[in-house]
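A structural walkthrough
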Amino acid sequence: MEWPIAEVARMSGVTARTLRHYDEIGVLSPARIGAGGYRYYGEYELLRLQQILVLRALGLGLPEIGRILTEQVDEVEALRGHHRRLLAERDRLDALTGTVSRTIAELEQSRKDGQPMTINRPENLFEGVQPSQYEENMRDFPGLAEEVGRRAATMTQGDADAGHRERTAQMIRLAELMGAGHQADADPVQAEIDAQYRALTELRAVSTEEYRAIGRACVDNDVWRAAYEAIAPGLAAFQRDAIEAYTASRLG
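Residues numbered from 1 in each chain as written. Predicted model: local features only at pLDDT ≥ 70, side-chain atom pairs only at ≥ 80, totals over all residues. Heavy atoms only, no water.

1. Quick look at the overall build of the protein chain
The helix and strand inventory of the protein chain stands at 12 helices and 3 strands. In the protein chain, which comprises 252 residues, the share counted as buried stands at 38%. Contacts spanning at least 24 positions in sequence make up 62% of the contacts within the protein chain whose residues lie at least 6 apart. Just so you have it, the protein chain exposes about 14,300 Å², and 53% of that area is on carbon and sulfur atoms. (Helix = DSSP H or I, 4+ residues; strand = E, 2+ residues; numbered from the N terminus. Buried < 20%, exposed > 50% of the residue type's maximum accessible area, 1.4 Å probe, protein only. Contact = heavy atoms within 4.5 Å. Areas by Shrake-Rupley, 256 points an atom, 1.4 Å probe, with all protein chains shown as cover.)

As structure tokens, then:
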């Protein structure tokens, strides 16, 4: 049984353009190419596409996916490995849900008491959070991605973990300001955005338009948006709007 590329795109939700790209980079080739250049996929290719999409959903990049698919020998054993990853991701999301729920409850209680929130165990804020998801699509900004990669190569694991915690803490602070009713252009919010911008410019110069593009990516990039929305619904758009206000008032 074979299916044309248009039917595979319909079934999987992956565009025909993306399927052609997968062929170009060697992670998924069609079973055959027919008259007029039409691509046809068999059952083996559909199973391979399923594996690609599962691994993409787990946050892996295409180079890593290509390596995994090249090294695997048995399809059933490979699927068992993917299943284990999915179970681990489910557990992580469960932990993240509990983390955000606890933070919401503590914030609501502190407001009810009229007291600032006291964090007795700050590490609890980061349970289940993987800020590396935020970085996964830095390839949209190759200059910054190159510098981030160069810095990461010289970091210890402790340094990397501390950086991840700080970036997550920034997201949580922004969520708290949003929850407190501050507008995106309010001074406390803009102070957070200024700190983020200065951290970026420590890596290399960032133009006004590039910083705007980073702000838009917080909403347009699926991985980034999911990371923000896991902290608080609406946070991705709030970050974007805050960056837009910052560039207009301070970089414009």
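2. Focus on the confidence of the model for the protein chain
In the predicted model, the protein chain carries a mean pLDDT of 78, and the fraction of residues at 70 or more is 75%. Long-range and interchain partners of residues 119–126, a stretch whose pLDDT sits below 50, account for 11 contacts in this model, where long-range means more than four residues apart. A low-confidence stretch, residues 129–136 stays under pLDDT 50, and its non-local contacts, those more than four residues away or across chains, total 22 contacts. (pLDDT = per-residue confidence, 0-100.)

3. Considerations on the sheet that holds strand E1 (residues 3–4)
Spatially, 3 strands are ordered E1-E3-E2 in an open sheet, and the strand pairing comes out antiparallel. Of all strands in the sheet, those bounded by a partner on one side alone are E1 and strand E2 (32–33). Here E1 runs beside strand E3 (residues 39–41); their pairing, made up of 2 bridges, is antiparallel. Looking across to E3, one finds that Trp 3 is bridged to Tyr 41. (Pairing = 2+ DSSP bridges.)

4. Some words on the pattern of salt bridges
Applying the stated criterion across every chain, the model contains 10 salt bridges. Between Glu 209 and Arg 212 there is a salt bridge, with its nearest N and O atoms 3.9 Å apart. With Glu 209 and Arg 212 both in helix H10 (residues 208–220), this residue pair falls 3 residues apart, about one helical turn. Where Arg 212 meets Glu 244, a salt bridge forms, and the shortest distance between an N and an O atom there is 3.1 Å. One end of the pair, Arg 212, is in helix H10; the other, Glu 244, is in helix H12 (residues 235–251), and 32 residues separate them in sequence. (Salt bridge = Lys/Arg side-chain N within 4 Å of Asp/Glu carboxyl O.)

5. Section: the packing of aromatic side chains
Considering all chains together, one arrives at 3 aromatic pairs under this definition. Ring geometry for Tyr 197 against Tyr 246: centres 5.6 Å apart, planes inclined by 50°, an arrangement best described as tilted. Here Tyr 197, found in helix H9 (residues 187–201), pairs with Tyr 246, found in helix H12; they are 49 residues apart in sequence, far enough to count as distant. You can call Tyr 197 buried: its relative accessible area is 13%. Judged by its relative accessible area of 3%, Tyr 246 is buried. Here the aromatic rings of Tyr 211 and Tyr 246 are separated by 6.0 Å at their centres, their planes lie at 85°, and the arrangement is edge-to-face. (Phe/Tyr/Trp six-rings, centres within 6.5 Å; stacked < 30°, edge-to-face > 60°.)

6. What to know about the side chain of Glu 45
With respect to the helices and strands, the residue Glu 45 is situated in helix H3 (residues 43–57). If sequence neighbours within four positions are ignored, Glu 45 has contacts with Leu 28, Ser 29, Pro 30 and Ala 31.

7. Observations concerning the nonpolar core
The nonpolar side chains of soluble globular proteins are, as a tendency, buried together. The biggest cluster of nonpolar side chains holds 28 residues, and the ones touching the most others in it are Val 189, Ile 193, Tyr 211, Ile 231 and Leu 235. Sort the elements by how many residues they give to this core and H12 lands first, with 6 residues. Other than its neighbours up to four places away in sequence, Val 189 contacts Leu 174, Leu 177, His 182, Gln 183, Ala 184, Phe 238 and Ala 242. Of all hydrophobic cores here, the second largest spans 20 residues; its members include Ala 9, Tyr 22, Ile 52 and Leu 69. (Core = buried A, V, L, I, M, F, W, Y, C linked by side-chain atoms within 4.5 Å.)

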